[in-house]
Amino acid sequence: DEYIGRGDFRAAGGRSAMDALLRLTPRPTAVFAENDLMALGALSASHAAGLEIPADLSVVGFDGIAFGADVTPPLTTVVQSTGAVAAAAVDLLLGQLRNAQAPPRQVELPVSLAVRGTSAPPPTET
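Residues numbered from 1 in each chain as written. Predicted model: local features only at pLDDT ≥ 70, side-chain atom pairs only at ≥ 80, totals over all residues. Heavy atoms only, no water.

Student: Got a minute to help me understand the sheet that holds strand β1 (residues 30-32) in this structure?
Tutor: Whenever strands of a sheet pair, they do so through backbone hydrogen bonds, lying parallel or antiparallel. A sheet is described by the order of its strands in space; here four strands give the open sequence β1-β2-β3-β4, paired in mixed fashion. Looking along the sheet, the strands with just one partner apiece sit at the ends: β1 and β4 (111-114). Put simply, the sheet's adjacent strands are angled 15 degrees from each other on average, direction ignored. Examined bridge by bridge, β1 and strand β2 (residues 58-63) share three bridges and lie parallel to one another. By the bridge assignment for β2, F32 is matched with V60. On the sheet, helix α2 (residues 36-48) packs against β2 and β3 (76-80) and is oriented at approximately 160 degrees with respect to β2. (Pairing = 2+ DSSP bridges. Helix = DSSP H or I, 4+ residues; strand = E, 2+ residues; numbered from the N terminus. Axes fitted to C-alpha atoms, helices over the stretch in contact; angles between N-to-C directions. Contact = heavy atoms within 4.5 Å.)

Student: Looking at this structure, how should I read the nonpolar core?
Tutor: It is characteristic of soluble globular proteins that their nonpolar side chains tend to be buried jointly. Core analysis: the largest hydrophobic core is formed by 18 residues, its most contacted members being M18, L43, L57, V59 and L75. The element that contributes the greatest number of residues to this core is α2, accounting for six residues. Contact partners of M18, with chain neighbours within four places excluded, come to V31, A42, A45, S46 and L57. (Core = buried A, V, L, I, M, F, W, Y, C linked by side-chain atoms within 4.5 Å. Buried < 20%, exposed > 50% of the residue type's maximum accessible area, 1.4 Å probe, protein only.)

Student: What should I look at first to understand α2 in this one?
Tutor: Residues lying three or four places apart along an α-helix face the same way, a consequence of the helix completing one turn every 3.6 residues. When the terminal C-alpha atoms of α2 are compared, their 18 Å separation across 13 residues agrees well with the 18 Å that a helix rising 1.5 Å per residue should span. For α2, the full list of buried residues reads D36, M38, A39, L40, G41, A42, L43, A45 and S46. Residues of α2 that are buried in the fold lie against α1 (11-22), β2 and β3. Capping of α2 at its N-terminal end is provided by N35; its side-chain oxygen lies 3.3 Å from the backbone amide nitrogen of L37. (Expected span 1.5 Å × (residues − 1). Polar contact = N/O pair within 3.5 Å; in protein donor to acceptor, adjacent residues only side chain to side chain.)

Student: Hey, could you run me through the environment of T118 in this one?
Tutor: Structurally, T118 is set in the segment after β4. Distance in space between the C-alpha atoms of T118 and V78 is 12 Å, their sequence separation being 40 residues. Not counting residues up to four positions away in its chain, the partners in contact with T118 are L43, I53, P54, L57, S58, V59, P73, P74, L75 and T76. A polar contact of 2.5 Å, which involves the side chain of T118, links it to the backbone oxygen of V59.

Laid out in structure tokens, this is it:
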């Protein structure tokens with residue numbers, strides 16, 4: 001549980017959660033953030049702590065926001081289609097409006113992994 005950071009889906013939350021994780025012993029070698037903004041905050045905290053990304057720490061986000069490809073190093077991320085998410089949300093909402101008694105539905109949408117510059121095999125012990 002101590003290796004699960006809590007944030008608020010913003011870059012500041014990612015920085016704060018990463019700051020706490022970096023104080024742990026042993027320090028994590030990889031972090032998966034709930035969204036790309038938090039991953040960017042984690043990168044910021046890691047750089048401020050003097051870590052080399054990805055040599056010392058891998059960081060992976062979730063969203064696939066366009067800005068993630070433009071940071072240095074470019075963010076590795078799980079990419080989801082915002083159009084597919086929006087269409088599924090509208091479909092679920094319309095279904096609930098048509099039948100408020102309908103049981104909840106779970107929708108799984110496809111994702112892909114964009115491997116970029118913030119991920120690598122774990123560092124080796126020397």
